[in-house]
Amino acid sequence: MIYLDNIAGCAPDKRVVEKILPFLTERYGNASSHFYHLGRDAFEAMEDARKEVAKLIGANSDDVYFTASGTESNNLALKGIISHPDNLHKKHIILSELEHYSLQNPARRLISKGYRISWAKVTPQGHVDTDHLASLLDDDTVFVAIQHANPEIGTVQDIATISKLVKASGAHLHIDAVASAGLLPVDVDTFQADTLSLSGTNLYGIRGTAALYIRKGVKILSVTEGGGQEQGVRAGSENIVGIVAMGEGARIVREEMSTYVPQLQALGENLMSRITSLYDFIHITGESDMSKRLPGNVSFWVEYIEGESLLMWYAVKGFAVASGSACASNILAEDEDDLEASPILTAVGVPTDICAGSVTMSLSRTNTQDDVDRVIAETPDIVDRLCAISPAFNK
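Chains are numbered independently. Their residues run from 1 in the order of the written sequence. Reporting in this predicted model follows two pLDDT cut-offs: at least 70 for local features of residues, and 80 or more for side-chain atom pairs to be given and counted; totals over whole chains, interfaces and linings ignore these cut-offs and use all residues. Only hydrogens and water are removed before side-chain values are computed, so all heavy atoms of the structure are retained for them.

## Remarks on the overall build of the chain
Each helix and strand in the chain was counted, giving 11 helices and 13 strands. Two things to know: the radius of gyration comes from C-alpha atoms, and the globule rule equals 2.2 Å times the number of residues to the power 0.38. Its C-alpha atoms give the chain a radius of gyration of 22 Å, near enough to 21 Å, the size a compact globule of 395 residues would have. Overall, the C-alpha framework of the chain stretches about 70 × 50 × 40 Å when taken along its three principal axes. Exposure classes here rest on a 1.4 Å probe applied to the protein chains alone. A residue is buried below 20% of its type maximum, exposed above 50%, and partly exposed in between. Scored against the burial criterion, the 395 residues of the chain give a buried share of 56%. Taking the contacts inside the chain whose residues are at least 6 apart along the sequence as the reference set, 70% of them involve residues at least 24 apart. Under the scheme used here, helices are H or I runs from DSSP no shorter than 4 residues and strands are E runs no shorter than 2 residues, and both carry numbers assigned from the N terminus. By definition in these notes, contact holds between two residues if any of their heavy atoms fall within 4.5 Å.

## Points about the sheet that holds strand 2 (residues 64–67)
Two strands form a pair only when DSSP identifies at least two bridges running between them. Here we have 7 strands laid out as an open sheet, ordered 2-8-7-6-5-3-4, and mixed in their pairing. Two strands lie at the open edges of the sheet, namely strand 2 and strand 4 (116–120), each paired on one side alone. Between one strand axis and the next, the sheet turns through 20 degrees on average, direction left out of account. Pairing of strand 5 (residues 141–147) with strand 6 (residues 172–176), which is carried by 5 bridges, proceeds in the parallel orientation. By the bridge assignment, Ile-146 is partnered in strand 6 with Ile-175. Strands strand 2, strand 7 (195–199) and strand 8 (210–214) of the sheet are contacted by helix 2 (residues 37–57), whose axis makes an angle of about 115 degrees with strand 2. Geometry is summarised by axes, namely lines fitted to C-alpha atoms with helices restricted to the contacting stretch, and by angles between N-to-C directions that run from 0 to 180 degrees.

## Things to note about the pairing of strand 2
Side chains Val-64 and Phe-66 project from strand 2 onto one buried face, and the interleaved Tyr-65 and Thr-67 project onto a second face that is buried too. As paired strands, strand 2 and strand 8 are joined by 4 bridges and run antiparallel to one another. Bridging across to strand 8, Tyr-65 finds its partner in Leu-212.

## Thoughts on the sheet that holds strand 13 (residues 359–362)
With antiparallel pairing, 4 strands are arranged side by side in an open sheet as 9-10-13-12. Among the strands making up the open sheet, the edge pair consists of strand 9 (282–284) and strand 12 (322–323). Judged from the 2 bridges that link them, strand 12 and strand 13 form a sheet pairing that is antiparallel. Note that in strand 13 the partner of Ser-323 across the bridge is Val-359.

## Observations regarding empty space enclosed by the protein
A cavity here means a set of points on a 1 Å grid, drawn over the protein atoms and nothing else, where a 1.4 Å probe fits but cannot get out; a pocket is an open set with protein on both sides within 12 Å along at least five of seven lines, and a residue lines either one if it has an atom within 4 Å of a point. Grid points are joined across faces, edges and corners, and a volume is the space filled by probe spheres set on the points. Evaluation of the coordinates by the stated rule reveals 2 cavities of 30 Å³ or more. Roughly 120 Å³ of internal volume is contained in the largest cavity. As for the largest cavity, its lining consists of 15 residues, of which Asn-6, Ile-7, Cys-10, Leu-183 and Leu-363 are closest to the centre. Put simply, Ala, Val, Leu, Ile, Met, Phe, Trp, Tyr, Cys and Pro go in the nonpolar bin, Asp, Glu, Lys and Arg in the charged bin, and everything else, Gly too, in the polar bin. Taken together, the residues that form the lining of the largest cavity break down as 9 nonpolar, 6 polar and no charged.

Shown next, in the form of structure tokens:
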């Protein structure tokens, strides 16, 4: 199996695995138990990891809070900000059309509580329309969420320009950097981020650990009540194994990005140019300029062929890829009519009458030119097979 779904989570680096093994055996203390050495040892390891995550994003370590997932970090940012007493008088939330479901879904539920939700439009290449965003901002805006880069179509946002608009309005700016950290420079001061979410598995760590940066002075309420862990912001016993893994992963990518990112960029450019040359009915989603999208991220759709079918045939051929179609997350749906086009593809204007989902191939530092060559070699057989059975394909 050639793994080309790294945007969903990278394989843990071997050094990460070596780092966490002792915490699965003899170093198993609870970081909240400071009266004996195992507890103090766990606490010190957690704080060392916090420092590494902070270094990766140019933050102070005491502004980094560990969570269980990027989804939790996004939920905590949104719900924690708007529910603080000092923010209750504002009822307007703005999200870009490309935001993750962990922001879209909770935002929609807030409508019943009197909040207005606005959606910042994006261009066909997936860039936030800054003129439209500026027109949405008003004195009632409390929270604005923008992805640094979208994992499905790879487009990277001009955060510097966006942040100036948002901060000038007085609104809170949240940046979802889950897909970009480890692939692109992420600096909380450059971004002027009030909050920023990260995920350990995208940093060659392990699943089940993430982080939320909260700028000092930002007022936020905990949405998980219990003990006083994470400075009272996120209760619950800390996942020391996952936290140590995330810290080590953050250290590795910070020290080695300058080496592996150019290699990913070159592999991605090679894959994109060759896959689009196979057929004139294969279309790239997001930016065609690889310098404006995530390194090693290539997404495309094929006219009249479902993204789910492409995904399954790639799996048969030995490739792990992702589909941008909702089919991929609704395989068990009883009625095919329940399957909807990806809202990301809809937002960037992909025609729904001839596109039933895209394929995203995301490379990591472990992928090689041979992996790309094999994808290119097998794609024509996959496309030809599916075109042959597609009733809509114009032969």
